[in-house]
Amino acid sequence: MRRDIPTTHVMVLELHVWGPALALPSIDPQCLAAIAYLAKAVPRDEWVLVASSDPSVSPTNELPALKHGSTWVSKFRNIVDYLRQISDGAWLLNAELTELAEADTAAFSAFTESNAQLLIDLSLYVSSQNYYAATSPAYGAILTWPNQWILPPKLRTAAKNRTAHLGLSSLDLEAGEEERARERSAAVAAGQIPKNLIAHPRETVSTLLGKTAQNTRFRLEALTADLFEPLEQLLGGKAYLLSDQHMSTLDAFVVGYLSLGLVQGLPAPWFSEALQAKAPRLAKYVTRVRNECFGTVVHVADAFEPSRSSKLPWRQPERVNAGKIARTLLNTLADATPILSEMRANDRLLQSTRSLGDTYPPMKAEFIAETIVAKQKDMWVSIGSVAAGVTAMVGYLFYHGHISVVKEEESEGNDGGEDEGGLQAEPSSAQSILQALL
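Residues numbered from 1 in each chain as written. Predicted model: local features only at pLDDT ≥ 70, side-chain atom pairs only at ≥ 80, totals over all residues. Heavy atoms only, no water.

As stated in UniProt under Subcellular location (unreviewed entry), the record for the protein chain gives "Mitochondrion outer membrane". (UniProt positions renumbered as here; feature names shortened; annotations may be inferred.)

Structure representation (structure tokens):
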């Protein structure tokens, strides 16, 4: 329930999210949850929605990210808590909930995040059918170069890693073909099958999908039932999950995740079919609340050509320039470098903690900052130790004559000599170095 509050700040809140896709205002569940929350809790003229689709806009390199002046807050729960603090509780959907309902909110939010995220990963990213037919084109419509080539494969790899323990990699047709190729190679190497007798039939997509359906059906049945049944039971006959009168934080969170499960038009619609078949009341509830918060259908053009007729307060994102493209390429290179990527991750977390200022518990913020600084010091000590070890080894080899500096006058009579000031190893330097190291 939304209440008006005295205007104590003039800066409009900016909610930066992954852009519209699949008829929804975002392709990310946490972004959808944040949008649903602000749509119900915050007056329309107090916030704007920006489809930046660029995690680097936030100090923590995460979306959704709420900007308020110089303060950045990332992740759904942190955004909800920040809104509560700056509004003195007026923008809190859970204001009238009992302690028991608050406990249910925490428990079911964690339950939904851990279970629904895996199903979204399998449906939109791991599944080759859905990824190439819907997910990848959706990212192509909201991203600019070079992010449209960099980010989708990275997100898909992360989804595969999160779901690897489920044993459902057969949804990924490429991975299945690679696995079969490895099995054939292993059989040949073990001498079980003569190489000239191995057939290499090109399996069609239809046969692969048939095998996928047979091998994964029961596992998907169990995963979907584990998620839907508790939420269906919690909903019961109420209008919302915890109340019959108004939405709560839990409603925004669940609708954010399950809206991606009800996406229509996917080549492999098992998520949507399972939700409608196993939890019909829950499916109708998600559809109704989704329409209340987002509108019936959201188009990509709504975010880039905003109009007052839109249900959401879209604001056009900043145009991409050459400097931003260069920064994207440099950041991608840095994130692919092991030491630099860890240093950048620590810096982002430290900046995020400091940016929250007085809105974050001082003791907790100080502890996080000290932990990050200690990690950075340990990293520099490790780098220094490695550098010192290499320097000591090279000095040792010079001292014992295993490596020598050959001057120009000494190398004139040598046909294969090095250039001036170059390094030349003695004829038996390889053996000497090995003996020295041993």
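Resuming the write-up.
What follows covers the overall build of the protein chain. When you go through the protein chain residue by residue, the secondary structure sums to 16 helices and 7 strands. Counting every position in the protein chain, which comprises 438 residues, the buried fraction comes to 44%. Taking as baseline every contact in the protein chain between residues at least 6 positions apart, the subset at least 24 positions apart corresponds to 70%. With the model as given, the accessible surface of the protein chain reaches about 23500 Å², and the carbon-plus-sulfur share is 56%. (Helix = DSSP H or I, 4+ residues; strand = E, 2+ residues; numbered from the N terminus. Buried < 20%, exposed > 50% of the residue type's maximum accessible area, 1.4 Å probe, protein only. Contact = heavy atoms within 4.5 Å. Areas by Shrake-Rupley, 256 points an atom, 1.4 Å probe, with all protein chains shown as cover.)

What follows is about unusual backbone geometry. The peptide bond linking Leu63 to Pro64 adopts the cis configuration, its omega dihedral lying at 5 degrees. One can find Pro64 in the loop between strand 2 (47–50) and strand 3 (65–68). Omega for the peptide link from Trp145 to Pro146 comes to 5 degrees, which places this bond in the cis form. In this structure, Pro146 sits in the loop between helix 4 (128–142) and helix 5 (147–163). Of note, the phi angle at Leu22 is positive, near 55 degrees, even though the residue is not glycine. Positive phi is not limited to glycine here, since Asp88 has a value of about 55 degrees. With respect to the secondary-structure elements, Asp88 resides in the loop between helix 2 (76–86) and helix 3 (99–126).

Oppositely charged side chains can pair when the atoms bearing their charge come close. Scanning the entire structure with this criterion turns up 11 salt bridges. The closest approach of N and O atoms between Arg162 and Asp121, which form a salt bridge, is 2.8 Å. Placement of Arg162 in helix 5 and of Asp121 in helix 3 is noted, with a sequence separation of 41 residues between them. Residues participating in the shared-partner salt-bridge network are Lys40, Arg288 and Glu292. (Salt bridge = Lys/Arg side-chain N within 4 Å of Asp/Glu carboxyl O.)

In this model, helix 5 (17 residues) spans 24 Å end to end at C-alpha, consistent with the 24 Å of a helix rising 1.5 Å per residue. For helix 5, the set of buried residues is Asn147, Ile150, Leu151, Pro152, Arg156, Ala159 and Thr163. (Expected span 1.5 Å × (residues − 1).)

Among the secondary structure elements, Glu46 is positioned in the loop between helix 1 (29–41) and strand 2. Taking C-alpha positions, Glu46 is 6.3 Å from Leu13, a pair spaced 33 residues apart along the chain.

The next thing to look at is the sheet that holds strand 5 (residues 314–315). Here we have 5 strands laid out as an open sheet, ordered 4-3-1-2-5, and mixed in their pairing. Of all the strands in the sheet, the pair left with one neighbour each is strand 4 (71–74) and strand 5. Note that strand 2 and strand 5 share 2 bridges and pair parallel. Among the inter-strand pairings, Leu49 is bridged to a residue of strand 5, identified as Trp314. The sheet strands contacting helix 2 are strand 1 (13–16), strand 3 and strand 4, and the helix crosses strand 4 at an angle near 135 degrees. (Pairing = 2+ DSSP bridges. Axes fitted to C-alpha atoms, helices over the stretch in contact; angles between N-to-C directions.)

Here we come to the environment of Ser310. Summarising the element assignment, Ser310 is placed in the loop between helix 11 (300–304) and strand 5. Note: C-alpha distance between Ser310 and Gly295 (15 residues apart in sequence) is 8.3 Å.

Moving on: the packing of aromatic side chains. What describes a pair of aromatic rings is the distance from one ring centre to the other and the angle between the planes of the rings. Applying the stated criterion across every chain, the model contains 9 aromatic pairs. Centre to centre, the rings of Phe253 and Tyr257 are 5.0 Å apart; their planes meet at 45 degrees, and the pair counts as tilted. Within this pair, Phe253 and its partner Tyr257 are both found in helix 8 (residues 249–258), separated by 4 residues, close to a single helical turn. Owing to a relative accessible area of 0%, Phe253 belongs among the buried residues under this scheme. Between Trp270 and Phe271 the ring centres are 5.8 Å apart and the planes differ by 15 degrees, which places this aromatic pair in the stacked class. The exposure classification of Trp270 matches that of Phe271, with both residues buried. (Phe/Tyr/Trp six-rings, centres within 6.5 Å; stacked < 30°, edge-to-face > 60°.)

One can describe the packing of helix 3 onto helix 8 by two numbers: an axis separation of 10 Å at closest approach and a directional angle of 5 degrees. The orientation of helix 3 relative to helix 8 falls into the category roughly parallel. For the pair formed by helix 3 and helix 8, the contact residues are Asp104, Thr105, Phe108, Ser109, Thr112, Glu113, Ala116, Gln117 and Ile120 on the first element and Thr249, Leu250, Phe253, Val254 and Tyr257 on the second. Among the residues forming the contact of helix 3 with helix 8, the class breakdown is 7 nonpolar, 5 polar and 2 charged. (Parallel < 35°, antiparallel > 145°, perpendicular 65-115°, else oblique. Nonpolar A, V, L, I, M, F, W, Y, C, P; charged D, E, K, R; others polar.)

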